[in-house]
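Each chain, written out:
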Amino acid sequence: MSDDWYSKTTWSKADQADFFARLKRSRAAHNKANYLWVQARELDKVGLSHEAMMLLDKVLTEFPEPYWLPLVCKLKAEIFVKLGNLDQAIAFYRRALDVERQHPNHRTQAVYDFGKLVVENKMTSLYDEALAVLDEMELPGKKFPVQIYKKNGILAIIAAHKRQTESARKFAQIALDAVAKDNSDFRYHPKFGLVQDQESKFCNAVEAIAISHIQSFSN
């Protein structure tokens, strides 16, 4: 069976009827959650965020499979960010992390994205929580450049806020070194996990810290 049916980029009544008819024929809850998450992701990519939310909510209420729950909650958080609802975004990042605590073999990048959202939006009351999440939830072992970048960028911005100048510069430089990498150093995935958001507010803040313009992001 082609996977086109759960990777649609349009969502007409005919598209919906086809999708839900095929979904109904799938027997395993794990597979249904998979199809719903993939289709939601594809709809969000083309700007159909509310439609994507509906599919994600269906996973949460009808097919709450442990493997897919963190991914669903993380995607909902990302959509809420796009919609400007940061409170709900924080709530769903926390929910994703809670599921990961219960099922530590099912991990996402929420450990980094939660802190990145917090510092990008200067949610200073959550800085200590962001640090605690990094300390608690980050998996050991070799990291992709984007993981190194996000972690150390978060640490740099929070250190700058706390006037820990030397630590902030150190973390910022580590983050920028990760930005500059064009190879992940993973043998079978050399181009996977590279930094893509080099023009973002987050990256600009890290660059400012690296050249000692800490004041620009610490007020």
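Residues numbered from 1 in each chain as written. Predicted model: local features only at pLDDT ≥ 70, side-chain atom pairs only at ≥ 80, totals over all residues. Heavy atoms only, no water.

Participant: Describe the packing of aromatic side chains, listing the residues and the values that go with them.
Facilitator: Across all of its chains, the model carries 13 aromatic pairs by this definition. On the basis of an interplanar angle of 80 degrees and a centroid distance of 4.9 Å, the ring pair of tyrosine 67 and tryptophan 68 is categorised as edge-to-face. Tryptophan 68 sits in the buried class, given a relative accessible area of 7%. Taking 5.1 Å as the distance between ring centres and 80 degrees as the angle between the ring planes, the aromatic pair formed by phenylalanine 144 and phenylalanine 192 counts as edge-to-face. Here phenylalanine 192 lies in the loop between α9 (165–179) and α10 (201–210) and phenylalanine 144 lies in the loop between α7 (127–137) and α8 (145–161), a separation of 48 residues in the sequence. With relative accessibility at 16%, the residue phenylalanine 144 sits in the buried group. Here the aromatic cluster, defined as three or more aromatic residues joined through ring pairs, consists of Trp5, Tyr6, Trp11, Phe19, Phe20 and Tyr35. Sitting over the face of the ring of phenylalanine 92, lysine 76 holds its NZ or CZ atom 4.8 Å from the ring centroid. Above the face of the phenylalanine 186 ring, lysine 142 is positioned so that its terminal group lies 4.7 Å from the ring centre. (Phe/Tyr/Trp six-rings, centres within 6.5 Å; stacked < 30°, edge-to-face > 60°. Buried < 20%, exposed > 50% of the residue type's maximum accessible area, 1.4 Å probe, protein only. Helix = DSSP H or I, 4+ residues; strand = E, 2+ residues; numbered from the N terminus. Lys NZ or Arg CZ within 6 Å of the ring centre and 35° of its normal.)

Participant: Describe the environment of glycine 47, and please don't skip the residues or the numbers.
Facilitator: Looking at the element boundaries, glycine 47 is found in the loop between α2 (29–45) and α3 (49–62). The exposure class of glycine 47 is exposed, given its relative accessible area of 52%. The spacing of glycine 47 and isoleucine 79 is 32 residues in sequence and 9.8 Å in space, taken between C-alpha atoms.

Participant: Requested: an account of helix α5 (residues 86–102), with residues and values cited.
Facilitator: Compared with the 24 Å implied by 1.5 Å per residue over 17 residues, the 25 Å span of α5 between its first and last C-alpha is a close match. Every buried residue of α5 is listed here: Ala89, Ile90, Phe92, Tyr93, Ala96, Leu97, Val99 and Glu100. If you follow the buried residues of α5, they end up packed against α3, α4 (69–82), α6 (110–120) and α7. (Expected span 1.5 Å × (residues − 1). Contact = heavy atoms within 4.5 Å.)

Treat this as a map of the structure, not an account of what it does.
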